[in-house]
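# Overview (structure and organization)
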Amino acid sequence: MQSFRTEIENPVVEKDIVELERKIRLFRDGKIDEERFRSLRLARGVYGQRQPGVQMIRIKLPYGKVTGEQLHRIADVSDEYSTGRLHITTRQDIQIHYVSLERTPELWAQLEKDDVTIREACGNTVRNVTASETAGVDINEVFDVTPYAHATFQHMLRNPVGQEMGRKFKISFSSSDEDTALSYMHDLGFIPKIENGKRGFKVLLGGGLGSQPRHADVIYEFLEEERIIPLIEGVVRVFDRYGERAKRMKARMKFLLKDMGAEEFIRLVKEEQKALSHKEYAIDTDGFDSHAIALKNLEHIEIPEVEIEDKETYEQWKRTNVIPQKQEGFVAIGIKVLLGDFYTDKARKLADLIKDYAGNELRLSLRQNILLRHVREDLLPFFYVELGKLGFTDAGYNTTADITACPGTDTCNLGIANSTGIAEVLEGVLKEEYPEYLNNKDVAIKISGCMNACGQHMMAHIGFQGMSIRSGKLVAPALQVLLGGGVLGNGNGRFSDKVIKIPSKRGPNALRTILDDFKANVNGNETFLDYYDRQGKTYFYDILKPLSDTDNLTEDEFKDWGHTENYKQEVGVGECAGVVIDLVATLLYESEEKIDNADESIKEQRWADGIYHSYSALVNTAKALLLSENKKTNTHAGIIKQFQEVFVDEGKVRLDGTNGGTFSDLVYQINKNEPSEDFATKYLADSRTFLNRIKAYREQELVAS
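Presented here is a report on the structure given in the accompanying data block.

### Describing the overall build of the chain
The number of helices and strands found in the chain is 21 helices and 22 strands. The globule rule puts the C-alpha radius of gyration for 705 residues at 27 Å, and the 26 Å found for the chain is close to it. Over its C-alpha atoms, taken along the principal directions, the chain stretches across nearly 80 × 70 × 55 Å. The 705 residues of the chain split such that 61% are buried. Considering only contacts within the chain whose residues lie at least 6 apart along the sequence, 70% involve residues at least 24 apart. For the chain, the accessible area works out to roughly 28,100 Å², and carbon and sulfur atoms hold 46% of it. One way to put it: in the chain the 92 positive side-chain charges average out to a point 5 Å from where the 111 negative ones average out.

So, in structure tokens, the structure goes:
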């Protein structure tokens with residue numbers, strides 16, 4: 001496992017990978033608690049599968065950008081360590097499955113050779129920063145948001161403020177007011193604006209899907225571009241401190257914002273600004289135009305001669321899959337990827353195609369597709385033929401017939417019912433029976449295998465959620481039918497209504513019922529959402545009710561899609577949130593590691609990072625002692641307050657020798673001081689003194705007991 005060490009040029013990355021290797025060894029030797037180890041590996045993109053003994057690896061690809069070289073590297077890694085299948089997620093990542101835990105450090109090292117990471121792709125971290133796949137080529141954009149998404153990714157990667165939060169945190173950048181990156185359902189969403197010749201963003205905070213979806217609040221109609229990074233870090237700091245940690249279902253930003261209110265939350269964010277390294281953060285926008293690369297690559301290229309045999313099918317493909325770019329003479333090509341799954345043999349040929357004949361860049365989309373960018377318009381026939389050889393010319397990119405679905409029970413621990421099987425069947429229904437929907441981009445169909453909404457069913461015009469349903473003593477796979485969601489643009493959206501639950505095998509008939517009724521009763525140019533609002537939820541419940549009867553289930557309806565055995569509901573331990581059950585000794589050990597990290601950061605003159613590591617050590621140490629007394633440790637703020645009451649006020653622990661009068665005074669020095677060398681050094685000394693005192697107290701308590 002150590003052969004990779006000499007191959008990694010970046011010492012920060014090498015340290016990360018060596019640390020993962022060491023923790024795997026400690027875990028296998030029984031020296032790290034299983035739940036604690038889970039938190040660590042999740043923050044390194046290593047996710048336990050439904051199948052025992054293997055891992056899913058999530059490859060973090062900021063805003064979905066992949067070069068030809070990177071795609072080759074990912075394909076090589078998948079062949080070596082996995083099964084050769086690549087899965088595109090709804091957050092523009094790539095997942096590979098069935099990986100041995102022991103081989104993950106080596107796998108990670110191989111990816112880093114082409115600047116590809118798995119760091120913070122899972123767990124309670126700042127997840128992949130997403131963006132519209134058309135950013136930089138969108139004819140409607142006021143400016144390219146790609147540099148801003150990239151700067152956010154770089155600033156938050158390995159940033160100590162976002163490593164061990166109560167839950168995951170998601171950020172998106174839309175390219176225009178069409179809001180194709182779905183700002184209204186993100187923890188932080190950004191839409192580009194220009195005011196008085198100045199670049200900035202409309203900012204939304206606190207959105208989310210799941211069983212209790214919440215529309216994000218607009219906190220700024222216009223925020224100057226140099227203020228977005230300080231805002232993001234301030235928001236993450238406040239979320240880390242006040243966010244719920246014990247009750248997983250209440251731990252997302254949307255619940256904190258709902259309880260606290262946007263005004264109070266923003267007040268706390270402003271209070272944090274003094275502690276930041278950057279009060280303003282200029283974004284470097286140079287070097288992001290792959291159009292220039294394409295121009296250079298294609299200057300002297302000869303256009304290969306090809307013959308289109310079926311011109312009608314070619315024209316249909318151009319209508320649905322080819323997108324004009326704002327760069328004259330160039331287009332983007334959308335590749336519809338069924339269920340987001342494709343294989344390494346095709347990936348390599350695609351990589352060569354964009355390297356040799358385009359801008360050497362593709363973007364993965366939030367609808368699990370691929371967008372090739374900077375293709376010269378006169379090369380379209382050639383690309384159509386070459387993509388056809390790979391099976392990549394199915395019409396209907398980003399249309400109704402392009403269904404989004406999460407992996408469901410195929411690999412996910414949380415899956416209740418199969419989502420990929422029903423998605424494939426529904427796409428077949430649309431292709432064979434409703435070909436007009438190959439051109440329709442006004443109705444979106446999305447499917448999730450459980451309520452967590454990785455398939456984004458809660459914001460679909462027509463959504464399906466995997467469930468189970470009882471019939472006597474037996475259980476059958478089921479689908480919750482949801483209607484009426486959608487993106488409205490400029491930060492506005494609506495969530496779907498839960499209409500009715502039906503056996504899963506009746507999903508195709510449910511779709512037929514809805515589409516047939518829409519065709520029969522639509523008024524003129526009425527949109528699907530207008531039609532739904534006019535008819536109302538009860539109307540759709542009534543027309544779908546015959547499909548919900550469980551007294552007449554057939555033998556086949558007790559089997560899920562793609563299965564021959566009767567359905568059994570088997571939900572494992574979900575790892576989306578990195579659930580953690582901490583032991584006191586483990587926490588104190590971690591506090592020592594955090595102090596070591598603080599010391600290292602200060603030696604490297606990263607004052608703000610060192611200060612935050614010291615802060616984390618203080619809170620972590622207090623949490624350890626509170627747990628020893630069976631006290632609740634739901635939030636950082638609660639830990640700080642409760643430690644004072646339980647240990648300091650009762651005279652059990654003294655704070656002399658530190659800079660704090662109360663424990664709160666000690667900890668909250670973090671947002672009362674600029675991130676200077678003097679303060680970073682003193683704060684680290686305070687944190688180390690506090691840890692040593694708590695360890696001594698703990699040892700005395702153990703001896704006494």
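The structure having been displayed, the exposition proceeds.
### Points about the sheet that holds strand 7 (residues 171-173)
Reading across from one edge, 6-7-8-9-10 is the order of the 5 strands in this open sheet, with mixed pairing throughout. Two strands close off the open sheet at either side, each with one partner strand: strand 6 (130-131) and strand 10 (217-224). Here strand 9 (residues 198-205) runs beside strand 10; their pairing, made up of 5 bridges, is antiparallel. The residue bridging Gly200 from the neighbouring strand is Glu224, located in strand 10.

### A word on the nonpolar core
Grouped together as the largest cluster of nonpolar side chains are 82 residues, with contacts concentrated most on Phe169, Phe173, Phe190, Phe265, Phe643 and Phe663. The element that contributes the greatest number of residues to this core is helix 18 (residues 607-628), accounting for 11 residues. Once residues lying within four places of it in the same chain are set aside, the contact partners of Phe663 are Leu618, Ala622, Ile640, Phe643, Gln644, Val648, Leu655 and Phe690.

### A word on the pattern of salt bridges
Applying the stated criterion across every chain yields a total of 47 salt bridges. Between Asp16 and Arg119 there is a salt bridge, with its nearest N and O atoms 2.5 Å apart. Here the residue Asp16 occupies a position in helix 1 (residues 11-28), and Arg119 occupies one in the loop between helix 4 (104-112) and strand 6, the gap between them amounting to 103 residues. Taken individually, Asp16 and Arg119 each receive the classification buried, so the pair is uniform in this respect. One salt bridge connects Asp341 with Arg85, and the closest N-O pair in it is separated by 2.9 Å. Of this pair, Asp341 sits in strand 13 (residues 341-343) while Arg85 sits in strand 4 (residues 85-88), placing them 256 residues apart in sequence. Arg85 gets classed as buried once you look at its relative accessible area, which sits at 18%. Through salt bridges with shared partners, one network takes in Asp16, Arg119, Glu120 and Arg158.

### Brief notes about the side chain of Thr550
Residue position: Thr550 is located in the loop between helix 16 (537-544) and helix 17 (584-603). If we ignore the near neighbours within four places in the chain, the residues touching Thr550 are Ile469, Arg470 and Ser471.

### Description of the packing of helix 1 against helix 17
Running from amino to carboxyl end, helix 1 crosses helix 17 at an angle of 165°, the nearest separation of the two axes being 16 Å. Accordingly, the angle class assigned to the pair helix 1 and helix 17 is roughly antiparallel. The chirality of how helix 1 crosses helix 17 is right-handed. The residues of helix 17 that touch helix 1, namely those facing Lys15, Glu19, Arg22, Lys23 and Leu26, are Tyr589, Glu593, Asn597 and Glu600. Taken together, the residues of the contact of helix 1 with helix 17 break down into 2 nonpolar, 1 polar and 6 charged.

### Digging into helix 1
When the terminal C-alpha atoms of helix 1 are compared, their 26 Å separation across 18 residues agrees well with the 26 Å that a helix rising 1.5 Å per residue should span. Here helix 1 has its buried residues at Val13, Asp16, Ile17, Leu20, Glu21, Lys23, Ile24, Leu26 and Phe27. Packed against the buried residues of helix 1 are helix 2 (34-42), helix 4 and helix 17. Gly30, located one to two residues past helix 1, shows a positive phi value of around 75°.

### Topic: the packing of aromatic side chains
Applying the stated rule across the entire model yields 29 aromatic pairs. Ring centres of Phe143 and Phe201 lie 5.5 Å apart, and the angle between their planes is 85°; on these two criteria the pair is classed as edge-to-face. You can see Phe143 sitting in the loop between strand 6 and helix 5 (146-156) and its partner Phe201 sitting in strand 9, a full 58 residues away along the chain. With respect to burial, Phe143 and Phe201 carry one shared label: buried. Consider the rings of Tyr314 and Trp317, whose centres lie 5.9 Å apart with planes at 25°: the pair is stacked. Of this pair, Tyr314 and Trp317 both sit in helix 10 (residues 311-321), 3 residues apart, which is roughly one turn of that helix. Feature note: the residues Phe518, Phe528, Tyr531, Tyr532, Tyr539 and Phe540 constitute an aromatic cluster, connected by ring pairs. The ring of Phe392 has Lys346 sitting right over it, with the charged end atom 5.6 Å from the ring centre. A cation sits over an aromatic face here: Lys505 above Trp561, 5.1 Å from the ring centre.

### Considering unusual backbone geometry
One non-glycine residue with positive phi stands out, namely Asp179, at about 55°. In this structure, Asp179 sits in the loop between strand 7 and strand 8 (188-195). With a phi angle near 65°, Gln605 is a residue other than glycine that sits in the positive phi range. Tracing the backbone shows Gln605 in the loop between helix 17 and helix 18. On the accessibility criterion, Gln605 (58% relative accessible area) is exposed.

### A word on the sheet that holds strand 13
Read from one edge of the open sheet, 5 strands run 1-2-5-4-13, paired in antiparallel fashion. Bordering the open sheet on either side are strand 1 (46-48) and strand 13, each of which pairs with just one other strand. The sheet shows a mean angle of 35° between the axes of neighbouring strands, taken without regard to direction. Of the strands in this sheet, strand 1 and strand 2 (55-59) touch helix 2, which is tilted by about 135° from strand 1.

### Considering a positive patch on the surface
On the surface, Lys247, Lys250, Lys258 and Lys632 cluster together into a patch of positive charge. Structurally, Lys250 is set in the loop between helix 6 (228-242) and helix 7 (253-260).

### Brief notes about the environment of Lys296
Residue placement: Lys296 occurs in helix 9 (residues 290-297). Judged by its relative accessible area of 63%, Lys296 is exposed. C-alpha of Lys296 to C-alpha of Gly359: the two residues are 63 residues apart in sequence and 8.9 Å apart in space.

Here is what the cut-offs are and how they apply
Residues numbered from 1 in each chain as written. Predicted model: local features only at pLDDT ≥ 70, side-chain atom pairs only at ≥ 80, totals over all residues. Heavy atoms only, no water. Helix = DSSP H or I, 4+ residues; strand = E, 2+ residues; numbered from the N terminus. Rg over C-alpha atoms; globule rule 2.2 N^0.38 Å. Buried < 20%, exposed > 50% of the residue type's maximum accessible area, 1.4 Å probe, protein only. Contact = heavy atoms within 4.5 Å. Areas by Shrake-Rupley, 256 points an atom, 1.4 Å probe, with all protein chains shown as cover. Lys, Arg positive; Asp, Glu negative; His and termini not counted. Charge placed at Lys NZ, Arg CZ, Asp CG, Glu CD. Pairing = 2+ DSSP bridges. Core = buried A, V, L, I, M, F, W, Y, C linked by side-chain atoms within 4.5 Å. Salt bridge = Lys/Arg side-chain N within 4 Å of Asp/Glu carboxyl O. Axes fitted to C-alpha atoms, helices over the stretch in contact; angles between N-to-C directions. Parallel < 35°, antiparallel > 145°, perpendicular 65-115°, else oblique. Left-handed = near helix turned anticlockwise from the far one by under 90°. Nonpolar A, V, L, I, M, F, W, Y, C, P; charged D, E, K, R; others polar. Expected span 1.5 Å × (residues − 1). Phe/Tyr/Trp six-rings, centres within 6.5 Å; stacked < 30°, edge-to-face > 60°. Lys NZ or Arg CZ within 6 Å of the ring centre and 35° of its normal. Patch = residues over 30% accessible without salt bridge, like charges linked within 9 Å, V, L, I, M, F, W, Y side chains within 5 Å.

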